[in-house]
Amino acid sequence: MHLTGNINKAVPQRIGLLVGRYKKFLGLIAHAGPTVRWIRLNSKDRKKRPHQNFKKSALVILIAGKHKVVLPKTQTVALLTNPGDYIFLPPRTLHGWECLKNDTTLIAITWR
């Protein structure tokens, strides 16, 4: 079986799940299994406190715009500025992020 479509019609909201599913755990919503998310951000969007994905790896790919990922433990700053730029985050990677340009679009793939 195959699927075709348009992401802007399939995911009209700013952040949407293309592949995978959500589950509730202790009153929180978490991703169950591998996921592919489509994310649209504006220049004021940021993760203020660094965060860790304890059990999942993540691959974040820039589609359009500009995005910054900060890894505080190694004092690394990764700038995603060209379509196709990506960052891989293994489990337990402490990271923060900041959108640097309106209408930034990312694809985030997570798995265990």
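Residues numbered from 1 in each chain as written. Predicted model: local features only at pLDDT ≥ 70, side-chain atom pairs only at ≥ 80, totals over all residues. Heavy atoms only, no water.

**Focus: the overall build of the protein**
To keep it simple, the criterion reads: Think of it this way: any DSSP run of H or I at least four residues long counts as a helix, any run of E at least two long counts as a strand, and we number them from the N terminus. The cut-offs for exposure are 20% and 50% of the maximum accessible area for each residue type, with area from a 1.4 Å probe on protein chains only; residues under the lower value are buried, those over the upper are exposed, and the others partly exposed. Any two residues whose heavy atoms approach within 4.5 Å at even a single point are treated as in contact. Computed with the Shrake-Rupley method and a 1.4 Å probe, the accessible areas treat only the protein chains shown as cover for residues.
Tallying secondary structure elements over the protein gives 1 helix and 9 strands in all. Residue burial in the protein is summarised as follows: out of 112 residues, 30% are buried. Pairs at least 24 residues apart make up 69% of the contacts formed inside the protein by residues separated by at least 6 positions. Summed over all atoms, the accessible surface of the protein reaches about 7800 Å², with 57% contributed by carbon and sulfur.

**Digging into the pattern of salt bridges**
Put simply, the rule is: The salt bridge criterion pairs a side-chain nitrogen of Lys or Arg with a carboxyl oxygen of Asp or Glu, the two atoms within 4 Å.
Following the criterion strictly, the structure yields 2 salt bridges and no others. Between Glu 98 and Arg 46 there is a salt bridge, with the nearest N and O atoms lying 3.0 Å from each other. Of the two residues, Glu 98 is situated in strand β8 (residues 95-99) and Arg 46 in strand β3 (residues 46-51); the sequence distance between them amounts to 52 residues. The salt bridge involving Glu 98 is made with Lys 68; its shortest N-O contact spans 3.5 Å. Of this pair, Glu 98 sits in strand β8 while Lys 68 sits in strand β5 (residues 67-71), placing them 30 residues apart in sequence. Overall, the relative accessible area of 23% leaves Glu 98 in the partly exposed class. Within this structure, Arg 46, Lys 68 and Glu 98 form a network of salt bridges that share partners.

**Structural notes on the environment of Asn 82**
In this structure, Asn 82 sits in the loop between β6 (76-80) and β7 (86-89). We classify Asn 82 as partly exposed; its relative accessible area is 46%. Along the chain, Asn 82 and Leu 62 lie 20 residues apart, while their C-alpha atoms are 7.1 Å from each other.

**Points about a positive patch on the surface**
As a reminder, the rule being used: Only residues above 30% relative accessible area that lack a salt bridge enter a patch, with like-charged residues linked at up to 9 Å and the nonpolar side chains Val, Leu, Ile, Met, Phe, Trp and Tyr linked at up to 5 Å. Charge assignment in this entry is limited to Lys and Arg as positive and Asp and Glu as negative, and neither His nor the chain termini are counted. Charge coordinates come from a single atom per side chain, which is NZ of Lys, CZ of Arg, CG of Asp or CD of Glu.
Residues Lys 55, Lys 73, Arg 92 and Arg 112 make up a contiguous surface patch of positive charge. Note on placement: Arg 112 falls in the segment after β9 (104-111).

**Side note on the sheet that holds β3**
By definition, the strands of a sheet pair up through backbone hydrogen bonds, in either a parallel or an antiparallel sense. This is how it is decided: Strands were regarded as paired on the criterion that DSSP finds at least two bridges between them. Here the axes come from fitting lines to C-alpha atoms, over the contacting stretch only for helices, and the angles between their N-to-C directions go from 0 to 180 degrees.
Here we have 4 strands laid out as an open sheet, ordered β3-β8-β5-β6, and antiparallel in their pairing. Unpaired on one side and paired on the other, β3 and β6 mark the two borders of the sheet. On average, each strand axis in the sheet is inclined to that of its neighbour by 15 degrees, with strand direction left out of account. Here 3 bridges tie β3 to β8, and the two strands are oriented antiparallel to one another. By the bridge assignment for β8, Lys 47 is matched with Trp 97.

**Quick notes on unusual backbone geometry**
Here Arg 92, not a glycine, exhibits a phi torsion of approximately 70 degrees, which is positive. Note on placement: Arg 92 falls in the loop between β7 and β8.

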